[in-house]
Amino acid sequence: MESGRKEKPMTYPGDSRGFINYLYDRYRDLSMKEICIVFEGQITHQVMKVLTGLMEEQLEGMNEKRVLRRVYHVMVESLQNINRHAETFEDEGGPCPSKGLVLVTRNEDHYQITTGNIIGNGNIEEISMFLGRLNNMDPDALDELYRKQMRDGVISAKGGAGLGFIDIRRKTGNPLDYDILPVDRDSSFFIFTATIPRKQ
């Protein structure tokens, strides 16, 4: 999904809202859900291990084994998407690499995994078209696309061939919800939500 083009670090206005409030502004119904995990910061491999470990603890003892395996899998894929594709930006004069936000919630009907990260405005059209295409595919078409990408997909300089998004769409059975909020002339904040039904 990435062009592999080397770009200069993006600027971030650094106002008091921060990344957390980008999500709060977009999802004002969080009080209606149980928050399992919320994290803001750099998504390193070590942080990924900690967050998935916390998620495992949250899910222990629950009688939804098949659903919970999907929750765990989607969370891992979502974290890997940030780790691979979040842009480096400038904050207070210095580089701040791969910063992102992770929010896991649940209610009686479903789990939701929401992630957010900075992307370059030059990537908006490609991402929107790709996710829109996935949302319009039936399960058979998604399976075929996944096999095709595994076999001969174009791997970007940052890794992956859109496989994470394809697999999340396949595993959840739901459309992928996303929003792109402008930050400045070079960058935007990409919010992505995957919904996993609790009743399968």
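**As for the overall build of the chain**
Argument step 1. The helix and strand tally for the chain stands at six helices and eight strands.
Argument step 2. In sequence order, the chain lays out its α and β elements as β-α-β-α-α-β-β-β-β-α-α-α-β-β.
Argument step 3. Counting the 200 residues in the chain, one finds 48% classified as buried.
Argument step 4. Residue pairs at least 24 apart in sequence account for 72% of intrachain contacts in the chain once pairs closer than 6 positions are excluded.
Argument step 5. Summed over its atoms, the accessible surface of the chain is roughly 10500 Å², and 49% of this surface lies on carbon and sulfur atoms.

**Side note on helix H6 (residues 163-172)**
Argument step 1. For H6, the buried fraction is high: eight of the ten residues fall into the buried class.
Argument step 2. Two residues or fewer past H6, Gly 173 is found with a positive phi of approximately 70°.

**Quick look at the nonpolar core**
Taken as a class, soluble globular proteins show a tendency for nonpolar side chains to be buried jointly.
Argument step 1. Leu 131 and Leu 134 are the most contacted members of the largest nonpolar core, which totals 37 residues.
Argument step 2. With seven residues, the top contributor of residues to this core is helix H3 (residues 65-85).
Argument step 3. Sequence-distant contacts of Leu 134, that is, excluding residues within four places in its chain, are made with Leu 142, Leu 145, Phe 165, Ile 166, Arg 169 and Leu 176.

**A closer look at the pattern of salt bridges**
Argument step 1. All told, the structure shown has five salt bridges when counted by the stated rule.
Argument step 2. A salt bridge links Arg 170 to Asp 143; the nearest nitrogen and oxygen atoms lie 2.8 Å apart. Pair noted here: Arg 170 is in helix H6 and Asp 143 is in helix H5 (residues 139-152), with a separation of 27 residues, a long-range link.
Argument step 3. Residue classification places Arg 170 among the partly exposed positions, given a relative accessible area of 29%.
Argument step 4. On the basis of relative accessible area, Asp 143 is assigned to the partly exposed category, the value being 26%.
Argument step 5. The shortest N-O distance in the salt bridge between Lys 171 and Asp 167 comes to 3.1 Å. Of this pair, Lys 171 and Asp 167 are both found in helix H6, four residues apart, which corresponds to roughly one turn of the helix.
Argument step 6. Overall, Asp 167 belongs to the buried group, its relative accessible area being 3%.
Argument step 7. Put simply, Asp 143, Asp 167, Arg 170 and Lys 171 are held in one network by salt bridges that share partners.

**Details of the sheet that holds strand E6 (residues 110-120)**
Argument step 1. The five strands are arranged E2-E5-E6-E8-E7 in an open sheet whose pairing can be described as antiparallel. Lying at the two open borders of the sheet, with one neighbouring strand each, are strand E2 (34-42) and strand E7 (177-182). Adjacent strand axes in the sheet meet at a mean angle of 15° when their direction is disregarded.
Argument step 2. Here strand E5 (residues 99-106) runs beside E6; their pairing, made up of seven bridges, is antiparallel. Residue pairing across strands places Thr 105 opposite Gln 112, the latter belonging to E6.

**With respect to the packing of helix H4 (residues 124-135) against H6**
Argument step 1. Axis separation between H4 and H6 bottoms out at 10 Å; the angle between their running directions is 25°. Relative to H6, the element H4 lies roughly parallel. Here H4 runs over H6; the crossing is right-handed. Each of Phe 130, Leu 131, Leu 134 and Asn 135 in H4 lies in contact with H6, whose residues at this interface are Phe 165, Ile 166 and Arg 169.
Argument step 2. Of the residues that constitute the contact of H4 with H6, the class distribution is five nonpolar, one polar and one charged.

**Some remarks on the packing of aromatic side chains**
The description of two aromatic rings rests on the distance between their centres and on the angle between their planes.
Argument step 1. Following the criterion strictly, the structure yields three aromatic pairs and no others.
Argument step 2. Each ring, one from Phe 165 and one from Phe 190, has its centre 6.4 Å from the other, and the planes form 90°; the classification is edge-to-face. Placement of Phe 165 in helix H6 and of Phe 190 in strand E8 (residues 187-197) is noted, with a sequence separation of 25 residues between them.
Argument step 3. Phe 165 gets classed as buried once you look at its relative accessible area, which sits at 7%.
Argument step 4. Judged by centre distance (5.0 Å) and plane angle (65°), the rings of Phe 165 and Phe 192 are edge-to-face. One end of the pair, Phe 165, is in helix H6; the other, Phe 192, is in strand E8, and 27 residues separate them in sequence.

Conventions used here
Residues numbered from 1 in each chain as written. Predicted model: local features only at pLDDT ≥ 70, side-chain atom pairs only at ≥ 80, totals over all residues. Heavy atoms only, no water. Helix = DSSP H or I, 4+ residues; strand = E, 2+ residues; numbered from the N terminus. Buried < 20%, exposed > 50% of the residue type's maximum accessible area, 1.4 Å probe, protein only. Contact = heavy atoms within 4.5 Å. Areas by Shrake-Rupley, 256 points an atom, 1.4 Å probe, with all protein chains shown as cover. Core = buried A, V, L, I, M, F, W, Y, C linked by side-chain atoms within 4.5 Å. Salt bridge = Lys/Arg side-chain N within 4 Å of Asp/Glu carboxyl O. Pairing = 2+ DSSP bridges. Axes fitted to C-alpha atoms, helices over the stretch in contact; angles between N-to-C directions. Parallel < 35°, antiparallel > 145°, perpendicular 65-115°, else oblique. Left-handed = near helix turned anticlockwise from the far one by under 90°. Nonpolar A, V, L, I, M, F, W, Y, C, P; charged D, E, K, R; others polar. Phe/Tyr/Trp six-rings, centres within 6.5 Å; stacked < 30°, edge-to-face > 60°.

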